[in-house]
Structure formats: C-alpha cells, structure tokens
Amino acid sequence: MKTKLTKELESTLYQYCFEQGSYVVEEVSMPDKKGIVDTLSYQQLADDQIEWRCYELKVTKSDFHSKAKLSFIGNYNYFVLPQKLYDEVENEIPSRIGVLIYRAFDKKAIEASPQTLRAPGFLTVAKKAQYQELQVDEKQLTSHFVASLSREVDKAKRVEKGLQLYNDDQLFKELKKRAKAGYDVYTPDNNIYDRFVEDLQSDAVTALQEELDARNAEYQELKLQLQQLQQPNLEDRI
C-alpha cells in the first residue's frame, strides 16, 4: 500500500511533468525485464526527437535501500525525495542521477489560495540528471507506455461508472467490512453503515408517505364520484 506521503509525491510529480509539456504515467513495466519504473514521462521535442524521463519515488531510508530494481533506463533519470531523506542519502546518489525535492504547501497558504491547487506541494531541482542513451528498445518502451496509459484510462472509466460495476453481494460484503472497522458507538454519524441504514429508512418512510398520499387522493376522488352518482337519486326522492 502507498503511504500518504508517497501519494503526495506522485500527484505532485504528475502535475510537474504535465506543466513541463510531457505525457506521463505511473508504474510502467520496462522491456527486457528491467523492472517497473514508478513514473515515466514522454516528451516530444522540437526536432521530432523523443525524450524519456524515469522517476523513482522514495520516502524513507529503508525504501531508498530496497533491493527492488531501479529502472533508470531513460534519457534522464531522477529520484524524487522529501528534503529530510535527501539530506540522509545525498552521498549515495550516483552522479548521473538527478534529484527532485518535494515540499508540501503550507496549510495556511492552501486556504488563502484564490484557486484550488492541483497538487499538495511542489518540486525543486536539487541535482540535475545527466543525459544518457535510452537503455531499452524505444518501440518496445513506447508499447509499454501506451499499455500503461490504457490501464489508467480503464481505471478512470471504472471510477466514473462507480457502483454500477459491482453486484449486490460485493457491495454488501464491502459495507459489512467497513461497518466493522473502527465502529464508533458514541457518534453513529461517523459510521458509514449507520448512515446507510438511516438513509434507507428515510427513503422507505418517504416512499410509504408518497404511497399513502396517492391512495388518499384516490380515495377522495372515488368518494367524490360516489357522491355525484348518489345525487340524482336524492333528487328523485324529493
């Protein structure tokens, strides 16, 4: 599972690459079994050349020293780190690898911003990356990049369709699971299960009331029709 800080780095890096005019996608498997890069960007240059950049995101020292393969196969390759971690591992970073430092926006600055910020923080270049030739076949890399983009589009469409994709049993299991996690006895409004049941009960009461109103209106209509039918008989008796 990704930590909150990792997600912040990821979303900030995405916005950073987007502002650089690059196409970008996370978690791309490399050709020739060269691992999975955290973030890969593709940029079309003015001379019809393509520039590939690989980014590895690290938030702890143990994460930095992980045995997972570093997929630095791009023309330019970067670590994306919080300042504290960079201070600890600065001397361990190869000379050809660049470093981007993540800094979170101040909460007061976010609240004072006249527009909604598209990222939780910003990146600064602490160390520039050195150029290298692409370390894998470009056609294969492009194919992997497109496949990852397609995966993200599919995920976005699933989110857009929401609960329509899940059957009743799946929804019920998820609801039960969330009901058990950290159930707050004293403030039921904090519990998704209680809120769900309350909404169901409210909807049921509303539906019953609407049905009762409809039946009452129908009864009044029939009563009026009956009175109109009985009116001529009363006149005949008089």
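By the naming in an unreviewed UniProt entry, the chain goes by MmcB family DNA repair protein and is assigned to Companilactobacillus huachuanensis.

Help me out: how do you make sense of the sheet that holds strand S2 (residues 36-44) in this one?
Sheet architecture is open: 6 strands sit in the order S1-S2-S3-S4-S5-S6, paired in mixed fashion. Only two strands of the sheet have a single partner each, and these edge strands are strand S1 (23-29) and strand S6 (121-127). With direction set aside, neighbouring strand axes in the sheet form an average angle of 30 degrees. As paired elements, strand S3 (residues 50-57) and strand S4 (residues 76-82) share 5 bridges and run parallel to each other. Looking at the pairing, Tyr 55 lines up with Tyr 78 of S4.

Sorry, what's going on with unusual backbone geometry here?
Only a minority of non-glycine residues have a phi that is not negative, and only a minority of peptide bonds are not trans. Located in the positive-phi region is Asp 32, a residue other than glycine, with phi close to 60 degrees. Mapped onto the secondary structure, Asp 32 falls in the loop between S1 and S2. Given a relative accessible area of 52%, Asp 32 falls into the exposed group. Within the chain, Lys 33 stands out as a residue other than glycine whose phi angle is a positive 55 degrees. As for its placement among the helices and strands, Lys 33 is situated in the loop between S1 and S2. For Lys 33, a relative accessible area of 76% corresponds to the exposed category.

Scoring rules and cut-offs
- Residues numbered from 1 in each chain as written.
- Predicted model: local features only at pLDDT ≥ 70, side-chain atom pairs only at ≥ 80, totals over all residues.
- Heavy atoms only, no water.
- Pairing = 2+ DSSP bridges.
- Helix = DSSP H or I, 4+ residues; strand = E, 2+ residues; numbered from the N terminus.
- Axes fitted to C-alpha atoms, helices over the stretch in contact; angles between N-to-C directions.
- Buried < 20%, exposed > 50% of the residue type's maximum accessible area, 1.4 Å probe, protein only.

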